[in-house]
Amino acid sequence: MTTIQRVKDDSLQQALDYVNTVFKTVEERNPGEVEFHQATKHIFTALVPVFAKHPKYMKNGILERISEPERLLTFRVPWLDDSGNVQVNRGFRVQFNSSIGPYKGGTRFHPTVNASIIKFLGFEQIFKNALTGQPIGGGKGGADFNPKGKSNNEIMRFCQSYMTELSNYIGPNVDIPAGDIGVGAREIGYMFGQYKRMRGSYEPGVLTGKDVRFGGSLVRPEATGYGLIYFVDDMMQDHGLSFNNSKVIVSGAGNVAIYAMEKAMELGAKVVACSDSTGYIHDEKGVNLETIKRLKLEEDGVISAYLAEHPHASFHENGDDIWTIPCDIALPCATQNEIDADIARVLIKNGVKVVAEGSNMPSNQEAIDLFNESHILFGPAKAANAGGVAVSALEMAQNSMKLSWSFEKVDAKLHEIMLNIYRNSISAAEEYGYPGNLDVGANIAGFLKVGDAMIREGVV
Ligand code: GLU
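Here the structure is a predicted model, which means the values were calculated and not measured.

Trainee: Before we move on, can you summarise the overall build of the protein chain with the specific residues and values?
Mentor: The secondary structure content of the protein chain amounts to 17 helices and 13 strands. Taken over the C-alpha trace, the protein chain has a radius of gyration of 21 Å; the compact-globule value for 460 residues is 23 Å, and the two agree within 12%. Expressed as lengths along the three principal axes of its C-alpha atoms, the size of the protein chain is roughly 65 × 55 × 45 Å. For the protein chain, the proportion of its 460 residues judged to be buried stands at 57%. Restricting to contacts in the protein chain with at least 6 residues of sequence separation, those with at least 24 account for 71%. In the structure as shown, the protein chain presents an accessible area of about 18,600 Å², 50% of it carried by carbon and sulfur atoms. Of the side chains in the protein chain, 45 bear a positive and 55 a negative charge, and the two mean positions are spaced by 6 Å.

Trainee: Which residues make up a nonpolar patch on the surface, and what values do they have?
Mentor: On the surface, Leu80, Val86 and Val88 cluster together into a nonpolar patch covering about 290 Å² of accessible area. On the secondary structure map, Val86 appears in strand E2 (residues 86–97).

Trainee: Describe the site of the ligand, and please don't skip the residues or the numbers.
Mentor: Contacts to the ligand come from 14 residues, most closely from Lys104, Lys128, Gly179, Asp180 and Ser392. Note that an oxygen atom of the ligand is positioned 2.8 Å from one of the side-chain N or O atoms of Lys128. Taking Ser392, its side chain carries an N or O atom lying 2.6 Å from an oxygen atom of the ligand. Look at the ligand: alone it shows 290 Å² of surface, and the protein chains cover 95% of it. Where the shell around the ligand is concerned, the elements lending two or more residues are strand E3 (103–105), helix H5 (115–131) and helix H15 (387–401).

Trainee: So what's going on with a negative patch on the surface? Which residues, and what values?
Mentor: A contiguous patch of negative charge on the surface is contributed by Asp320, Asp321, Asp340, Glu366, Asp369 and Glu373. Mapping Glu366 onto the fold places it in helix H13 (residues 365–373). A residue is classified by how much of its surface remains accessible, and Glu366, at 51% relative accessible area, is exposed.

Trainee: Please set out the packing of helix H6 (residues 152–166) against helix H7 (residues 185–199) residue by residue, giving values where relevant.
Mentor: Their axes nearest at 8 Å, the elements H6 and H7 cross at an angle of 45 degrees. With respect to H7, the element H6 is oriented oblique. Once H6 is placed against H7, the crossing between them reads as right-handed. In contact with Asn152, Ile155, Met156, Cys159, Gln160, Tyr162, Met163 and Thr164 of H6, H7 contributes Arg186, Glu187, Tyr190, Met191, Gln194, Tyr195 and Met198.

Trainee: Summarise the environment of Ser116; cite the residues concerned and give the values.
Mentor: Secondary-structure assignment places Ser116 in helix H5. In this structure Ser116 comes out as buried when scored by relative accessible area, which is 4%. As a C-alpha pair, Ser116 and Ile348 span 232 residues in sequence and 30 Å in three-dimensional space. Dropping the residues within four chain positions of it, Ser116 is found in contact with Glu33, Val34, Glu35 and Phe36.

Trainee: Could you give me a rundown of the nonpolar core, with the residues and numbers involved?
Mentor: Note that soluble globular proteins tend to have their nonpolar side chains buried in a common cluster. Residues Phe51, Met261, Ile292, Leu331 and Phe447 are the most contacted members of the largest nonpolar core, which totals 97 residues. Apart from residues no more than four positions distant in its own chain, Ile292 is found in contact with Ala253, Ile258, Met261, Cys274, Ile281, Val287, Leu297, Ile303 and Tyr306. Among the nonpolar cores identified, the runner-up in size contains 22 residues, and Ala341, Val352, Phe371 and Phe378 belong to it.

Parameters and conventions
Residues numbered from 1 in each chain as written. Predicted model: local features only at pLDDT ≥ 70, side-chain atom pairs only at ≥ 80, totals over all residues. Heavy atoms only, no water. Helix = DSSP H or I, 4+ residues; strand = E, 2+ residues; numbered from the N terminus. Rg over C-alpha atoms; globule rule 2.2 N^0.38 Å. Buried < 20%, exposed > 50% of the residue type's maximum accessible area, 1.4 Å probe, protein only. Contact = heavy atoms within 4.5 Å. Areas by Shrake-Rupley, 256 points an atom, 1.4 Å probe, with all protein chains shown as cover. Lys, Arg positive; Asp, Glu negative; His and termini not counted. Charge placed at Lys NZ, Arg CZ, Asp CG, Glu CD. Patch = residues over 30% accessible without salt bridge, like charges linked within 9 Å, V, L, I, M, F, W, Y side chains within 5 Å. Salt bridge = Lys/Arg side-chain N within 4 Å of Asp/Glu carboxyl O. Near = heavy atom within 4 Å. Polar contact = N/O pair within 3.5 Å; in protein donor to acceptor, adjacent residues only side chain to side chain. Axes fitted to C-alpha atoms, helices over the stretch in contact; angles between N-to-C directions. Parallel < 35°, antiparallel > 145°, perpendicular 65-115°, else oblique. Left-handed = near helix turned anticlockwise from the far one by under 90°. Core = buried A, V, L, I, M, F, W, Y, C linked by side-chain atoms within 4.5 Å.

Next up, the structure:
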């Protein structure tokens, strides 16, 4: 950690000791949860200058409290597959922090889901949600269920079983789940139907990401991807750069990746590669988004099928190699830990100018350090991908007012929110001695709002 001016060395040392002590407790209390350790360590480190300048956070035990979930639910999700066999999965919901609003965060259905994954995502969500400027606390959920290859009926039965248990713990003023990897509008629809049946009352504000016919918001499907591009565009404008004529690589081919590609293309970028869990396609003429949308959003197909219509493109099985294609802008939009130090070095060597995170925690600490050292413009996930949850909060607002806003209105609000996140992160970084470091700035800006609320609400 570089020396911070304006702070006496002993207060800096005290802050470092505090952070290290609390982090040790986190490690001991959550053994083996590597992703959760990674996320907490990263944020704790960014907060050292805050504790050095304002010892009140240490005195009030904010870090000890914020890193321990208010509640962690795990539950059995039994369901019958199409052959009549009993299947059992493990469901989770972490209700991490409710100091600035009800718990809010997505739901991930993926075989890798475990307590560590849910807790890292939930912890990140606290700060991301605070950054949006909206009154939402941090939560996250999911199950180790693999939706791949499941029939529509199996998905429906799974969602119903998951919600049968979860409905005991959520509500429009308590905890509001949404989608994430493996959970889109279809799954949210099935969960909403089951919640409604369990409660016997129509409460659309209990879930976000719903279909527009029953309380969903326009722009919610596009929000994370569009928001990412608005954020990157604002950041680039500040440095005299733009998407126009730039070469872009986007990992993933889900909701976030698809709408990031769409908006980047609208702004004049050429997207030359994208990927799914089976590999990546490289199309130097520019990826045909209509084909990707049909394959991935409608047909649930594999990305290599792109070649049938665009034979000049190539398919490669090793997904990591997508980052070896030279580009101006790299947008990881697939999952956590996509970019390590080796990949970061390749991107830097190939002249990347901007890296911005559409997925949650795609770059590890070493990769981020390399980007900062090389003065690459870096947009950290909790700032750059906050557009999704921000529009979820707008969906909740519309639900409670029983009205729906136009596409243009929601899109304009999204753009404004992303610009505010960018500006607040920049000024927090500046104020705490890390000018231009959006990663440190976003963590600090998100933390200050939550930390101050926690002090005022007392030791709860
Ligand atoms: N899963 C998304 C995220 O990581 C969206 C959460 C939401 O809309 O509640 O922020």
